[in-house]
Amino acid sequence: PATGGPPEETCDADFEIVGSWNRDGTILFTKFVPPGISRVSDRGGTPERVVAQMPNDALLPMWPQFLPDGRRFLYLVIRGQGSGDRSRDDRPGSRELRVGSLDSQDSHLVTKLDSRAEYAAGHLVFVRDGVLFAQRFAVRRRTRSSSKCLACRKRTCASSRSSLARVSAANCFH
């Protein structure tokens, strides 16, 4: 629990390393069976899917991250290499960053990326061609600014396409 004490089981999860927890006690996490992003109360219960596998079953939604309003969230859609196949397509531009909502089944395409992205201090932080960038992101409009700020050069930035260092909401990018 956030208040301290021993860990408590909330539900079964396939992929225990990725999730996001909002102030209202909702936890979003990736499930593989059935594929998609699910939510559960921090008090426990039965998971409920909020983002199902995309219509083409080779597109897998993963890595949810709540945005500051606690209702909308970012997630990455990873293209598999075949029907029902969990192997990933690592070609540049094969991943979509989308915004979903707890209040709707609709989602909005933000951009295509080579890595996952994190939101912090009004910015999307992502890796492209081994370089870490920060780009302003308007949450309400779900839009990015046209300019990107170099945050880390290739020689000092180590990241794979499927992972990105966690960023702090207190960090500022100029």
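Everything quoted here is computed from the prediction, not taken from an experiment.

*Asks:* Got a sec to walk through the sheet that holds strand E1 (residues 19-21)? Specific residues and values, please.
*Replies:* Taken together, 4 strands build an open sheet; the order of strands is E1-E2-E3-E4 and the sheet is antiparallel. Each of the sheet's edge strands pairs with one partner strand only, and the pair in question is E1 and strand E4 (48-52). Within this sheet the neighbouring strands show an average axis-to-axis angle of 25 degrees, counted without direction. Where strand E3 (residues 35-41) meets E4, 4 bridges bridge the pair, whose relative direction is antiparallel. Directly across from Ser38, in E4, lies its bridge partner Arg49.

*Asks:* Which residues make up the pattern of salt bridges, and what values go with them?
*Replies:* Opposite charge on two side chains allows them to pair when their charged atoms are near. Tallying each qualifying case throughout the model produces 7 salt bridges. Arg71 is the partner of Asp103 in a salt bridge, and the nearest nitrogen-oxygen pair spans 2.5 Å. A residue pair is termed long-range when its members are at least 10 positions apart, and Asp103 in the loop between strand E7 (95-101) and strand E8 (104-113) and Arg71 in the loop between strand E5 (59-66) and strand E6 (72-79) qualify at 32 residues. Under the relative-accessibility criterion, Asp103 is labelled exposed at 56%. Taking the relative accessible area as the measure of exposure, Arg71 reaches 29% and is therefore partly exposed. Among the charged side chains, a salt-bridge network with shared partners connects Glu96, Arg98 and Lys112.

*Asks:* Would you mind going over the nonpolar core in detail, with residue names and values included?
*Replies:* In this structure, Leu67, Leu74, Leu97, Tyr119, Leu124 and Phe137 are the most contacted members of the largest nonpolar core, which totals 14 residues. The set of elements that each furnish at least two residues to this core consists of E7, E8, strand E9 (117-120), strand E10 (123-128) and strand E11 (131-138). Broken down by element, the residue count for this core peaks at 3 residues, all from E11. Residues in contact with Leu67, not counting those within four places in the same chain, are Arg72, Phe73, Leu74, Val99, Tyr119, Phe137 and Val139. Grouped together as the second largest cluster of nonpolar side chains are 10 residues, Val51, Phe73, Tyr75 and Leu102 included.

*Asks:* Any chance you could break down the pairing of E6 for me, citing the residues and the numbers?
*Replies:* With 7 of its 8 residues buried, E6 lies for the most part within the structure. Taken together, the 6 bridges between E5 and E6 define a ladder with antiparallel strand orientation. Bridge pairing in E6 links Leu60 to Ile78. Here E5 hands over to E6 after 5 residues, with Gly70 in that stretch at a positive phi of 75 degrees. Where E6 meets E7, 7 bridges bridge the pair, whose relative direction is antiparallel. Bridging from a neighbouring strand, Val77 pairs with Glu96 of E7.

*Asks:* Could you give me a rundown of the packing of aromatic side chains, with the residues and numbers involved?
*Replies:* Evaluation of the coordinates by the stated rule reveals 3 aromatic pairs. Measuring from centroid to centroid gives 6.4 Å for Phe66 and Phe73, while their planes differ by 80 degrees, and the two rings are edge-to-face. On the numbers, 6.3 Å between centres and 75 degrees between planes, the contact of Tyr119 with Phe137 is edge-to-face. Here the residue Tyr119 occupies a position in strand E9, and Phe137 occupies one in strand E11, the gap between them amounting to 18 residues. Its relative accessible area of 5% is what places Phe137 among the buried residues.

*Asks:* Break down the side chain of Arg98 for me, citing the residues and quoting the values.
*Replies:* Take Arg98: it is sitting in strand E7. On the accessibility criterion, Arg98 (12% relative accessible area) is buried. One polar contact links Arg98 to Glu96, side chain to side chain, over a distance of 2.9 Å.

Criteria and thresholds
- Residues numbered from 1 in each chain as written.
- Predicted model: local features only at pLDDT ≥ 70, side-chain atom pairs only at ≥ 80, totals over all residues.
- Heavy atoms only, no water.
- Pairing = 2+ DSSP bridges.
- Helix = DSSP H or I, 4+ residues; strand = E, 2+ residues; numbered from the N terminus.
- Axes fitted to C-alpha atoms, helices over the stretch in contact; angles between N-to-C directions.
- Salt bridge = Lys/Arg side-chain N within 4 Å of Asp/Glu carboxyl O.
- Buried < 20%, exposed > 50% of the residue type's maximum accessible area, 1.4 Å probe, protein only.
- Core = buried A, V, L, I, M, F, W, Y, C linked by side-chain atoms within 4.5 Å.
- Contact = heavy atoms within 4.5 Å.
- Phe/Tyr/Trp six-rings, centres within 6.5 Å; stacked < 30°, edge-to-face > 60°.
- Polar contact = N/O pair within 3.5 Å; in protein donor to acceptor, adjacent residues only side chain to side chain.

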